[in-house]
Amino acid sequence: MENRFESVEHVRDGLKKVHYLSDDGIAGVVFLAQRLGKPILVEGPAGTGKTQLAKSVAEMLNARLIRLQCYEGLDESKALYEWNYKKQLLRIQADKNSDSWSQVQDDIFSEEFLLTRPLLEAISSPDPVVLLIDEVDRVEIETEALLLEILSEYQVSIPELGTITAKQIPMVFLTSNNTRELSEALKRRCLFLHIDYPDMEREKEIVLTKVPDITQNLADQIARIVRSIRQLDLKKAPSVSETLDWARTLMLMGIENIDAQEAKDTLHILLKYQTDITKAAKELSVDK
Amino acid sequence: MTVLDLMSGFIAELRKAGLPVSLTENLDAMEAVKEIPIEDRQAFKYALAATLVKSNSHWRAFETIFEVYFSLRGPEHQIPSDMTDSDAELWREEQEMQQQGEGAAGSGGGMDSLTPEEIAQMLMQALMNGDQAMMRALARQSVQRFAGMEPGRPVGGTYYLYRTLRNLDLDNMLDKLMEANREQAAEELTKLEERLEKDEFESRIEQFKQEVEAEIRRRLVADRGAEAMAKTLRKPLPEDVEFMHANKEEMQSLKKALQPLTRKLAAKLARKRRHGRRGPLDFRATVRSSLSYGGVPADPRFKYPRPSKPELMVVADISGSVAAFARFTLMLVYAIQGQFSKVRSFVFIDGIDEVTDYFKSNVDISDAIHRVNTEADVVWVDGHSDYGHAFEVFWERYGKDINPKTTILLLGDARNNYHAASSWVIKEMQKRGRHVYWLNPEPRSYWNTGDSIVGEYGSFTDGVYECRNLRQLEAFVEKLA
């Protein structure tokens, strides 16, 4: 496998170019995953840029992003491949008389009649791709086993066809919101990356890159307030995406300097529970 | 020592600390080490973590062990072997400081000549300005000066940490900083600004504490060697922390871990609903589908099973003997109540009271616990556990609400102070309800000793489970669903 990255710094700069601010951990693991040819299991609170990481890596590599959204009840025919029954039927009926049975049988189980689903598509693609398996914790633990072959060997076995091996090793990202413990087998095959809420400095940088025309001063204030809010004991701490929403709102309102009243009026963008809002307002002493 | 030796020692220590490092993960780590140079310590750390640590709750343990094993690598972390080097280094830092125009207090000689007051002064300056380099230098200096470390003395790092911090008077530092800040500010700070400043200073002080801690650890490792040091720092992983003995910090992480667990419980029960037995024949649907087969009922349809809502009753002992567990229990009840629609919770000591309303989903957990502790009417005579009386009252008041769909969860150590057991209540509960489970926070070896009568109650339940840590609770959830 060719090395797509030269160094950790290279990854970090590349990601920065596509407006994704990584830290040492993120860039290091992406670099390592590419070198070792292993999938990355990304875990962390909602809204910290897990899915965005995969998208940004795809953009950075100029690769196609193939996405498999997981949900309860996901099965082989939606994740891996499915035979195109209708086409097979047509094929059988089209030349009922001419071919011998064995020929037809060989024919209808060829790749022409195979509908590729995201996983198969990712490994059969000749161009580099980034495969994103989103919210893998939503599938049942039994369905997880479907992923194991592709994650460790980069191949898919189809009983009628044989084994399809990857033409190129795709970069694979699995994201999880940690609603349940993933199986040991899956974890073992992946590199593990936990993305937490960014520290204040990085959050400020993120706001600066993602929200055009925002002033240093405002970004700094936003990052500080969000950090203070995250320290409270809340039902749901504000995520990065909510911070960005808040920053954009403040920009639209033409606010240069956040004062207590404005902070209070816009808190509902950061926090989604009424109890949280009341608590934050009280804690930040803006409710007096 | 080669990297390989170091790595195998490191991984052995991880395993001793309880992290499940498999052979393949070990090999991955070795591969990873080849790609990332050990000199880049941050990247190296993350590379190892990505291959070896597969759960965020293990990160703390990993980080500590990593610091111990690799803190002496890399030039900037080398401890100077003799004092002259150290002096020179400090002197250099001093010079730097003067160039920045902040070393007013230490103009003569190295830092060694400073008085403790001056050090405190400098620390305050550094914290005020968020001066990283200065903070690090001061951390070093104060450890050297105040910790009084003696080679070979078998005390833990926390002892030295305490000694160092006591001398620096960090507790009052925050107030002082705030005051200085107020003076400095041109105009009156608003409440919001003040709060933000306070958080900023708090985080800087925390950072300084960590510097001090790291410095102490470095010195201890240099003195005793990595292996011995790692052993003294070994702490139980979050899932192995005993509920009864958890400290505040551990309680915090337990709380975090509870949320996914209850979600898991809810998911398991819900799934059982969906995949449960198929309902009876749906005649109408079967006839309708038979029309496409010319009236032959080739495709029998079944009624969708009516989802049965699991009902849960949690009855928890909150007396002094299980105080720490009780706090955890209440957190568990709170978390469960967020997931299930029909949960009723009761707490008792020698009287019993329903506390379902206190935990209604929108209430803050600490408020709820406070209300339970102050408002719930759980004391009947003397406030010592009396399971028998509590159960009798429970049966009298709420017994009729138990139906065949109800699962009852009893939490407590069954230490009854030699009162009457009234175990017939449990027997009746089991007859009328679906399941009765008992979770006991005591080690199994203590059961049925002294005034514990868990055996007597247990014989009427569907199972008594030892529940001392998250791992055991998780195992119970697995079994339940």
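Quick caveat, the model's predicted, so the values are computed rather than measured.

Asker: Run through the overall build of chain A, naming residues and quoting values.
Answerer: Secondary structure summary: chain A contains 14 helices and nine strands in total. The C-alpha radius of gyration of chain A comes to 24 Å, more than 25% above the 19 Å expected for a compact globule of 288 residues. Relative to its 288 residues, chain A shows a buried fraction of 37%. Long-range pairs, those at least 24 residues apart, make up 75% of the contacts in chain A between residues at least 6 apart in sequence.

Asker: Describe in detail the overall build of chain B, supporting the description with residues and values.
Answerer: On a plain count of helices and strands, chain B comes out with 19 helices and six strands. A sequence separation of at least 24 residues applies to 70% of the contacts in chain B between residues at least 6 apart.

Asker: Can you break down helix H1 (residues 8–17) of chain A residue by residue, with the values?
Answerer: All names here are of chain A. Turning to H1, its buried residues are Val8, Val11, Arg12, Gly14 and Leu15. Along the long axis of H1, the arc covered by the buried residues comes to 165°, so they all point the same way. Two residues or fewer past H1, His19 is found with a positive phi of approximately 65°.

Asker: Just give me the short version of the domain arrangement of chain A, but keep the residues and values in it.
Answerer: Partitioning chain A into domains gives domain 1 (8–73 + 122–194), domain 2 (81–116) and domain 3 (200–282). The C-alpha centroid of domain 2 of chain A is placed 34 Å from the C-alpha centroid of domain 1 of chain A.

Asker: Go over the sheet that holds strand S5 (residues 129–134) of chain A with me, naming the residues and quoting the values.
Answerer: Residues and elements named next belong to chain A. The sheet built from five strands is open, its strands ordered S2-S5-S8-S1-S9 with parallel pairing. Bordering the open sheet on either side are strand S2 (64–69) and strand S9 (191–194), each of which pairs with just one other strand. The mean inter-strand angle of the sheet, taken between neighbouring strand axes irrespective of direction, is 20°. As paired elements, strand S1 (residues 40–43) and S9 share four bridges and run parallel to each other. In the sheet register, Val42 faces S9, and the bridge partner there is Leu193.

Asker: I'd love a proper account of the interface of chain B and chain A, names of residues and values included.
Answerer: On the chain A side, the residues contacting the 32 residues of chain B number 33 residues. Taken together, the residues that form the side of chain B that touches chain A break down as twelve nonpolar, eight polar and twelve charged.

Asker: Any chance you could break down the packing of helix H13 (residues 260–270) of chain A against helix H14 (residues 274–283) of chain A for me, citing the residues and the numbers?
Answerer: Think of two packed helices as two axes; the pair is described by the angle between the axes and how far apart they sit. Residues and elements named next belong to chain A. Their axes nearest at 10 Å, the elements H13 and H14 cross at an angle of 145°. At the point where H13 passes H14, the crossing takes the right-handed sense. Of H14, the residues touching H13 (which contributes Lys264, Leu267 and His268) are Ile277, Ala280 and Ala281.

Asker: Tell me what's going on with the environment of Leu218 of chain A, and back it up with residues and numbers.
Answerer: All names here are of chain A. Topologically, Leu218 is positioned in helix H11 (residues 216–231). Owing to 20 C-beta atoms within 10 Å, Leu218 belongs among the buried residues under this scheme. C-alpha separation for the pair Leu218 and Pro39, spaced 179 residues apart in sequence, amounts to 38 Å. For Leu218, the contacting residues outside a window of four places in its chain are Leu250 and Glu256.

Asker: Which residues make up the sheet that holds strand S3 (residues 352–354) of chain B, and what are the values?
Answerer: Residues and elements named next belong to chain B. The six strands lie next to each other as S3-S2-S1-S4-S5-S6, forming an open sheet whose pairing is mixed. Edge positions in the open sheet fall to S3 and strand S6 (463–466), since each of these has one partner strand only. The sheet shows a mean angle of 20° between the axes of neighbouring strands, direction not considered. Where strand S1 (residues 311–317) and strand S4 (residues 406–411) come together, six bridges link them in parallel fashion.

Asker: Lay out unusual backbone geometry in plain terms, naming residues and giving numbers.
Answerer: Phi at Asn62 of chain A is positive, roughly 60°, even though this residue is not glycine. Along the chain, Asn62 of chain A turns up in the loop between helix H3 (50–61) and S2. What makes Asn62 of chain A exposed here is the crowd of 8 C-beta atoms within 10 Å. For Ala414 of chain B, which is not glycine, the phi torsion reads 60° and is therefore positive. Counting through the fold element by element, Ala414 of chain B comes out in the loop between S4 and helix H17 (424–432).

Asker: Would you mind going over the nonpolar core in detail, with residue names and values included?
Answerer: Ranked by internal contacts, the top residues of the largest apolar core, which has 126 residues, are Val29, Leu191 and Leu193 of chain A together with Ile65 of chain B. Beyond its immediate stretch of four places on either side in the chain, Leu193 of chain A contacts Gly25, Ile26, Val29, Ile40, Leu41 and Val42 of chain A together with Ala50 of chain B.

Asker: Any details on the packing of helix H10 (residues 191–224) of chain B against helix H11 (residues 226–233) of chain B? Residues and values, ideally.
Answerer: Residues and elements named next belong to chain B. H11 packs onto H10 with a crossing angle of 130° between their chain directions and a minimal axis gap of 7 Å. In terms of axis orientation, H10 runs oblique to H11. For the pair H10 and H11, the contacting residues are Leu220, Val221 and Arg224 in the first and Ala226, Ala228 and Met229 in the second. When its residues are assigned to classes, the contact of H10 with H11 shows five nonpolar, no polar and one charged.

Asker: Can you tell me about the confidence of the model for chain B, naming the residues and giving the values?
Answerer: Residues and elements named next belong to chain B. Taken as a whole, chain B shows an average pLDDT of 75; of its residues, 81% reach a score of 70 or greater. Residue range residues 74–88 is modelled with pLDDT below 50. Its contacts to residues more than four positions away, or to other chains, number 13 contacts. pLDDT under 50 marks residues 97–109. Its contacts with residues more than four places away, or in other chains, come to 17 contacts. ipTM for the predicted complex: 0.81, alongside a pTM of 0.75.

Asker: Tell me what's going on with the domain arrangement of chain B, and back it up with residues and numbers.
Answerer: Partitioning chain B into domains gives domain 1 (3–75), domain 2 (79–233), domain 3 (249–276 + 309–480) and domain 4 (280–308). One C-alpha centre belongs to domain 1 of chain B, the other to domain 4 of chain B; they are set 59 Å apart.

Asker: Before we move on, could you go through the environment of Asp134 of chain A and cite the residues and values that matter?
Answerer: All names here are of chain A. If you trace the backbone, Asp134 turns up in strand S5. Overall, Asp134 belongs to the partly exposed group, with 19 C-beta atoms counted inside 10 Å. Note: C-alpha distance between Asp134 and Val172 (38 residues apart in sequence) is 10 Å. Residues in contact with Asp134, not counting those within four places in the same chain, are Thr51, Arg67, Leu68, Gln69, Cys70 and Thr175.

Asker: Talk me through the pairing of strand S2 (residues 343–348) of chain B; I want residue IDs and the actual numbers.
Answerer: All names here are of chain B. Counting buried positions along S2 yields six of six residues, so the element is predominantly enclosed. Neither face of S2 is left uncovered, since the one carrying Val343, Ser345 and Val347 and the one carrying Arg344, Phe346 and Phe348 both have all their residues buried. Pairing between S2 and S3: three bridges, direction antiparallel. Across the sheet, the residue bridging to Val347 is Asp353, located in S3.

Asker: Got a sec to walk through the environment of Ala219 of chain A? Specific residues and values, please.
Answerer: Residues and elements named next belong to chain A. Residue placement: Ala219 occurs in helix H11. Between the C-alpha atoms of Ala219 and Lys204, which are 15 residues apart in sequence, the distance is 5.6 Å. Excluding its chain neighbours within four sequence positions, the residues that come into contact with Ala219 are Lys204, Val207, Leu208 and Ile214.

Asker: Summarise helix H2 (residues 23–35) of chain B; cite the residues concerned and give the values.
Answerer: All names here are of chain B. Spanning 13 residues, H2 covers 19 Å between terminal C-alpha atoms, matching the ideal 18 Å at 1.5 Å per step. If you check which residues of H2 are buried, you get Glu25, Asp28, Ala29 and Ala32. Considered in projection along H2, the buried side chains sweep an arc of 105° and stay on one side of the axis. Set apart from the buried face of H2 by more than 90 degrees, the exposed residues are Leu23, Leu27 and Lys34.

Here is what the cut-offs are and how they apply
- Residues numbered from 1 in each chain as written.
- Chains lettered and ligands numbered in written order.
- Predicted model: local features only at pLDDT ≥ 70, side-chain atom pairs only at ≥ 80, totals over all residues.
- Helix = DSSP H or I, 4+ residues; strand = E, 2+ residues; numbered from the N terminus.
- Rg over C-alpha atoms; globule rule 2.2 N^0.38 Å.
- Buried ≥ 20, exposed ≤ 12 C-beta atoms within 10 Å, placed from the backbone.
- Contact = placed C-beta atoms within 7 Å.
- Arc of directions from axis to C-beta.
- Domains from an automatic or database assignment.
- Pairing = 2+ DSSP bridges.
- Axes fitted to C-alpha atoms, helices over the stretch in contact; angles between N-to-C directions.
- Nonpolar A, V, L, I, M, F, W, Y, C, P; charged D, E, K, R; others polar.
- Left-handed = near helix turned anticlockwise from the far one by under 90°.
- Core = buried A, V, L, I, M, F, W, Y, C linked by C-beta atoms within 7 Å.
- Parallel < 35°, antiparallel > 145°, perpendicular 65-115°, else oblique.
- pLDDT = per-residue confidence, 0-100.
- Expected span 1.5 Å × (residues − 1).

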